[in-house]
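# Commentary on secondary and tertiary structure
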Amino acid sequence: MFVASPGPVPHRPRAASPQEADSIVAEAIAALDQLEPLMAEETARMRAGRFKAALELGDDKATASLRYQRALDDIKVNAVALGRFQPAALDELKARHEVFAQALALNMAVLATARTVSESLVRELAADMGRAHNPQGYGASGQQTGAYGGAAAPLSVTRSA
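Residues numbered from 1 in each chain as written. Predicted model: local features only at pLDDT ≥ 70, side-chain atom pairs only at ≥ 80, totals over all residues. Heavy atoms only, no water.

Scanning the entire structure with this criterion turns up 1 aromatic pair. With a centroid separation of 5.4 Å and 75° between ring planes, the pair formed by Tyr 68 and Phe 100 is classed as edge-to-face. Residue Tyr 68 is located in helix α3 (residues 58-77), and its partner Phe 100 is located in helix α5 (residues 90-133); the two are separated by 32 residues in the primary sequence. Across this residue pair, the class does not change: Tyr 68 and Phe 100 are buried. (Phe/Tyr/Trp six-rings, centres within 6.5 Å; stacked < 30°, edge-to-face > 60°. Helix = DSSP H or I, 4+ residues; strand = E, 2+ residues; numbered from the N terminus. Buried < 20%, exposed > 50% of the residue type's maximum accessible area, 1.4 Å probe, protein only.)

Moving on, we get to the pattern of salt bridges. Counted under the stated rule, the structure contains 8 salt bridges. Between Arg 96 and Glu 36 there is a salt bridge, and its shortest N-O distance comes to 2.6 Å. Here Glu 36 lies in helix α1 (residues 18-47) and Arg 96 lies in helix α5, a separation of 60 residues in the sequence. As a salt-bridge pair, Glu 119 and Arg 115 come within 3.1 Å of each other at their nearest N and O atoms. Of this pair, Glu 119 and Arg 115 both sit in helix α5, 4 residues apart, which is roughly one turn of the helix. When its relative accessible area of 32% is taken as the criterion, Glu 119 is described as partly exposed. According to the relative accessible area criterion, Arg 115 is exposed, its value standing at 57%. Three or more residues joined by partner-sharing salt bridges are found here, namely Asp 33, Glu 36, Glu 92 and Arg 96. (Salt bridge = Lys/Arg side-chain N within 4 Å of Asp/Glu carboxyl O.)

Take α3 next. Compared with the 28 Å implied by 1.5 Å per residue over 20 residues, the 28 Å span of α3 between its first and last C-alpha is a close match. Every buried residue of α3 is accounted for by Lys 61, Ala 62, Ala 64, Ser 65, Leu 66, Tyr 68, Ala 71, Leu 72, Asp 74 and Ile 75. (Expected span 1.5 Å × (residues − 1).)

Let's shift gears to unusual backbone geometry. Phi is positive for Gln 86, close to 45°, though the residue is something other than glycine. Looking at the secondary structure, you find Gln 86 in the loop between α4 (79-85) and α5.

On to the environment of Pro 18. Within the fold, Pro 18 resides in helix α1. Taking the C-alpha atoms as reference points, Pro 18 and Leu 82, separated by 64 residues in sequence, lie 8.3 Å from one another.

Here it is in structure tokens:
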């Protein structure tokens, strides 16, 4: 999920020491520690068909995603310094990011599938409602007629559950 940052991008810190480089990498790992379980839980809930429960994670996931994106931006800005100082956790971050990318791909596939299924269900519901409220018959001219002139009846959806 893309979350636009409010306003201009703030000035990114520049690592001028090995400790600052370590801090930048540590923040990225901490952000990933926050985001990974939320995304895994959302994926599990969606796969189980618990859509409302999965949507409840949306705000927390958006906040964690924004934190991780900002941490990645800090890493990009400091790529030269990170190459020079070689923080000990940099290899761990790279490996975890690869695993995260795979989990993200799965999450996106599950969300896309859920969206497709829900759109299909709404279309089927609309078609069924149209048939139920638009009985077909024959008029005086022998043409088929319906309450809405052959068009489907209006459909309203209530989101309370």
